[in-house]
Amino acid sequence: GGDLYFNFGEISEDILKDGMKSYENIYISFGLEELSWYNERYMLAYKTLLDQISQLQPAANVYVMSVIPVSAELSSKDQVYNNPGVDKLNSLMQEMCGSYDQVIYLDVAHSVSVDGVLPEDAGIDGKHCNKKYCLKMMDYIRKNVYVRR
């Protein structure tokens, strides 16, 4: 088995339905762009995806990664990209993950946030991480994934 990574813009059921492929780990990361969705719509789409994955790849560990926070400056002036919205979405995702046996919530936001916000030096626009902070997230993921023996 191998690993499979998803981004909302690149979901393909054909990948999951390929009977020749069996994935040990599936990593899902949806980001800030989905904050503009209604939470109910977002969670319904997420649950639909997780149900499909569970049906088509029942032996796979599925890792759902948290949405990372934005900078304090951006959060204070943006009605969509703000940390109360990120916190609410992460809380809903964590609760959703608890209803699946093979779905693990990874709080990658913890690896890059300071007091619940993205530090100003983490990137150029207050919401996208630079290389240093991307490496922090990768280190967190490596240390927090389940390895079958």
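What this report covers is the structure whose coordinates are included nearby. As the structure is a prediction and not an experimental result, all values here were calculated from the model. (Residues numbered from 1 in each chain as written. Predicted model: local features only at pLDDT ≥ 70, side-chain atom pairs only at ≥ 80, totals over all residues. Heavy atoms only, no water.)

**Section: the packing of helix α2 (residues 39-56) against helix α4 (residues 83-97)**
Where α2 contacts α4, the two axes come as close as 11 Å, and the packing angle between them is 30°. α4 is crossed by α2, and the crossing has right-handed handedness. On the side of α2, the interface is formed by N39, Y42, M43, Y46, K47 and L50, while α4 contributes K88, L89, L92, M93 and M96. Among the residues forming the contact of α2 with α4, the class breakdown is 8 nonpolar, 1 polar and 2 charged. (Axes fitted to C-alpha atoms, helices over the stretch in contact; angles between N-to-C directions. Helix = DSSP H or I, 4+ residues; strand = E, 2+ residues; numbered from the N terminus. Left-handed = near helix turned anticlockwise from the far one by under 90°. Contact = heavy atoms within 4.5 Å. Nonpolar A, V, L, I, M, F, W, Y, C, P; charged D, E, K, R; others polar.)

**Regarding the layout of surface pockets**
Estimated volume of the largest pocket: approximately 460 Å³. Residue lining of the largest pocket: 20 residues in total, with S29, G31, L32, I68 and M137 positioned closest to the centre. In terms of residue count, the dominant contributor to the lining of the largest pocket is helix α6 (residues 131-144) (4 residues). By residue class, the composition of the lining of the largest pocket is 12 nonpolar, 5 polar and 3 charged. (1 Å grid on protein atoms, 1.4 Å probe; cavity = no way out; pocket = protein on both sides within 12 Å on 5 of 7 lines; lining within 4 Å. Points joined across faces, edges and corners; volume = space filled by probe spheres on them.)

**Thoughts on the pairing of strand β3 (residues 61-65)**
The buried fraction of β3 is high, at 5 of 5 residues. In β3, alternate side chains face the same way, and those of N61, Y63 and M65 on one face and V62 and V64 on the other are all buried. Of the pairings in the sheet, the one linking strand β2 (residues 23-29) to β3 comprises 5 bridges and is parallel in character. When the bridges of β3 are listed, S29 appears paired with M65. In this fold, the crossover linking β2 to β3 by way of α2 has right-handed handedness. Note: β3 against strand β4 (residues 103-106), 4 bridges, orientation parallel. Of the residues in β4, the one forming a bridge with V64 is Y105. (Buried < 20%, exposed > 50% of the residue type's maximum accessible area, 1.4 Å probe, protein only. Pairing = 2+ DSSP bridges. Right-handed = clockwise from strand over helix to strand, strands pointing away.)

**Regarding the packing of aromatic side chains**
Aromatic ring pairs are defined here through the distance separating the ring centres and the angle between the ring planes. The full count for this structure, using the stated rule, is 3 aromatic pairs. Geometrically, the ring pair formed by Y27 and Y63 is stacked, given 5.1 Å between the ring centres and 15° between the ring planes. Of the two residues, Y27 is situated in strand β2 and Y63 in strand β3; the sequence distance between them amounts to 36 residues. Like Y27, the residue Y63 is buried in the burial classification. In textbook terms, an aromatic cluster arises when at least three aromatic residues are bridged by ring pairs, as seen for F30, Y42 and Y46. A cation sits over an aromatic face here: K127 above Y81, 4.0 Å from the ring centre. (Phe/Tyr/Trp six-rings, centres within 6.5 Å; stacked < 30°, edge-to-face > 60°. Lys NZ or Arg CZ within 6 Å of the ring centre and 35° of its normal.)

**Notes on the pattern of salt bridges**
Enumeration over the complete set of coordinates arrives at 2 salt bridges. Taking the shortest distance from any N to any O, the salt bridge between K143 and D139 comes out at 3.1 Å. Residue K143 and its partner D139 are both found in helix α6; the two are separated by 4 residues, about one turn of the helix. (Salt bridge = Lys/Arg side-chain N within 4 Å of Asp/Glu carboxyl O.)

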